[in-house]
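Observations on the three-dimensional arrangement
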Amino acid sequence: MTATTAGAFHDDAGRAAALGDLPRLLPPVQEGKRPQNLAAHLARHGNLPYRDRTGSPGTPGSLLKEVAEAGLTGRGGAAFPVHRKLAAVLEAADKRSRTPSVIANGAESEPASDKDATLLWLAPHLVLDGLQLAAEAVGADTAILVTHADREHDVAGRLRQALQERQAARLDRVPVQLAAAPARFLSGQETALVNQLGGGPAIPTFMPPRITERGLNANPTLVQNVETLAHLALIARRGPRWFREVGTAREPGSMLATIRRADGRTLITEVPLGLPLRDLLGGGPTGPESAVLLGGYHGMWLPAAQAAALSLDNESLESAGARVGAGIVISLPPDRCGLIETARAVRYLAFESAGQCGPCLNGLPRIAAALADLASGRSRPGTREDLERWSGLVTGRGACHHPDGTARFVRSALRTFAHEADRHERGRCSATNTAPFLPVPAAAARSEDDWM
Amino acid sequence: MAEQLLVNPIDCEGHGACAELLPEMITIDEWGYPIIDPRPLPPGLERHARKAVNACPTLALRLLRTPDR
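What this report covers is the structure whose coordinates are included nearby.

Residue and element names in this part refer to chain A. Following both chains from N to C, one finds helix 13 (residues 358-375) and helix 15 (residues 402-416) inclined at 20°, their axes separated by 10 Å at the closest point. It follows that helix 13 is roughly parallel to helix 15 by the angle criterion. Between helix 13 and helix 15 lies a crossing whose hand is left-handed. Counting all contacts with helix 13, which are made through P359, C360, G363, L364, I367 and L371, the residues of helix 15 involved are H402, P403, T406 and V410. A per-class count over the contact of helix 13 with helix 15 returns seven nonpolar, three polar and no charged.

Counting residues in each nonpolar core, the largest one holds 132 residues, and the members touching the most others are A:V127, A:L131 and A:V138. Excluding residues within four positions of it along the chain, A:V138 makes contact with A:L86, A:V89, A:L90, A:A93, A:P100, A:V102 and A:L222. Residues B:V7, B:C18, B:A19 and B:L41 belong to the second largest nonpolar core, which totals 16 residues.

What follows covers the sheet that holds strand 3 (residues 176-181) of chain A. The strands that make up a sheet are held in pairs by hydrogen bonds between backbone atoms, and each pair lies either parallel or antiparallel. Residues and elements named next belong to chain A. The four strands are arranged 3-2-1-4 in an open sheet whose pairing can be described as parallel. Of all the strands in the sheet, just strand 3 and strand 4 (221-225) have a single pairing partner and so form its edges. If you compare each strand with its neighbour and ignore which way they point, the axes differ by 25° on average. Judged from the five bridges that link them, strand 1 (residues 101-106) and strand 4 form a sheet pairing that is parallel. Within strand 4, the position partnered with I103 by the bridge is V223. Here helix 6 (residues 155-168) sits on the sheet in contact with strand 2 (142-148) and strand 3, set at roughly 180° to strand 3.

Reading the values: the criteria
Residues numbered from 1 in each chain as written. Chains lettered and ligands numbered in written order. Predicted model: local features only at pLDDT ≥ 70, side-chain atom pairs only at ≥ 80, totals over all residues. Axes fitted to C-alpha atoms, helices over the stretch in contact; angles between N-to-C directions. Helix = DSSP H or I, 4+ residues; strand = E, 2+ residues; numbered from the N terminus. Parallel < 35°, antiparallel > 145°, perpendicular 65-115°, else oblique. Left-handed = near helix turned anticlockwise from the far one by under 90°. Contact = placed C-beta atoms within 7 Å. Nonpolar A, V, L, I, M, F, W, Y, C, P; charged D, E, K, R; others polar. Core = buried A, V, L, I, M, F, W, Y, C linked by C-beta atoms within 7 Å. Buried ≥ 20, exposed ≤ 12 C-beta atoms within 10 Å, placed from the backbone. Pairing = 2+ DSSP bridges.

Such coordinate-based values are descriptive only and should not be taken to indicate function.
Here is the structure:
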């Protein structure tokens, strides 16, 4: 079981004030890891504040306006402004006289992340509130919550229980269907979700048109990450000014993060945007070649010293070419080799290509093989040049961002572990421990059924 | 109104007809798949571009109108 803490710094009284009222989404620290039932949820957060599409009497402005003022962005990784997606779905629905659908994305197919499963497990009602409010905001008649098919906790069972509680309380106006995305890396991608829910395989499709215009059953479709919906449910209750009490002016609010420390501990924590990364990385041994992986397997390795000077917001991270993504921060233990770890993860990513686009189908296996050669000391002169060239060649040429993200990850490893690569080319490796550290699922898709 | 080439990478099977007809805008990578110049189509190439689009056996290549900036 993954260690979970609702507030990373509850052991640090001095910093408590800067964190405002965190945790907002997860249950208070003193309540521990117990899932919140409906009674506990309503006692903590108050009733579900439905609005009309145009704003209920006595409530100035619609939810759309409040979300815009709050500056909420998608917490699934892309950080796209939520109000713009809501507005796009509303506009498409009006223009095409279609009733939209809303999909809550809890597929969390990134193996290094566990924040969505943790949120759904501990605070399912906050997500379900957000789903109802989002459905109301765009006038949707269909609401679907998608979870990952293969998680340690029985998240789907927890959600069924929560939906029964809500049915007994007559809380939900739009009935919620549950669905499970297959345990594949790309199955949580927006177009893959829509493809799967429409009866196809859970693999990405080619845009345009955007799914906000033409998504599930050709209806305008809003896909939001489950954490985003939980924030939305709190903004609807407490308003945009409250939301902005933590975070930075440009990137307000809090976010869930998955922190994997070098000592092997994993914590799911809720932090304000803009938190210095050194506060997340914790102490522990750091050497001159210590490294941190930001954003998971489509993210970037950075030298630990460089990462420690940055903060958890895109404004800061973009100076290093990195992004907040879904809030994954991993410290590489000093006894491991970054090239070996990256090669294992990239082999997995290559297997997880849906195999639909030529550059990804051809490029990723070559990249994975060359990286495995480099990691195992079997590289030849030119292997690193090949890796750079292929990484450039696959970027921007897929229907989805799988080749781009994989190439970014590989290039960052070649940069961050350049000294280690020199050593490998001389037949040496600095690792004293070759036990796998980065979580990489063993199974790979073998047949088309694996995508269903 | 400018025009821009767009390939659907899922439909594309790397037949390569497009690059033969429009080498000014399309080259072939080491696996046989087209690399499309993302810039607007320069004047004078419209006819060749349309030929390339029509020659694609999987209908993967399209000409999109892009609003003038």
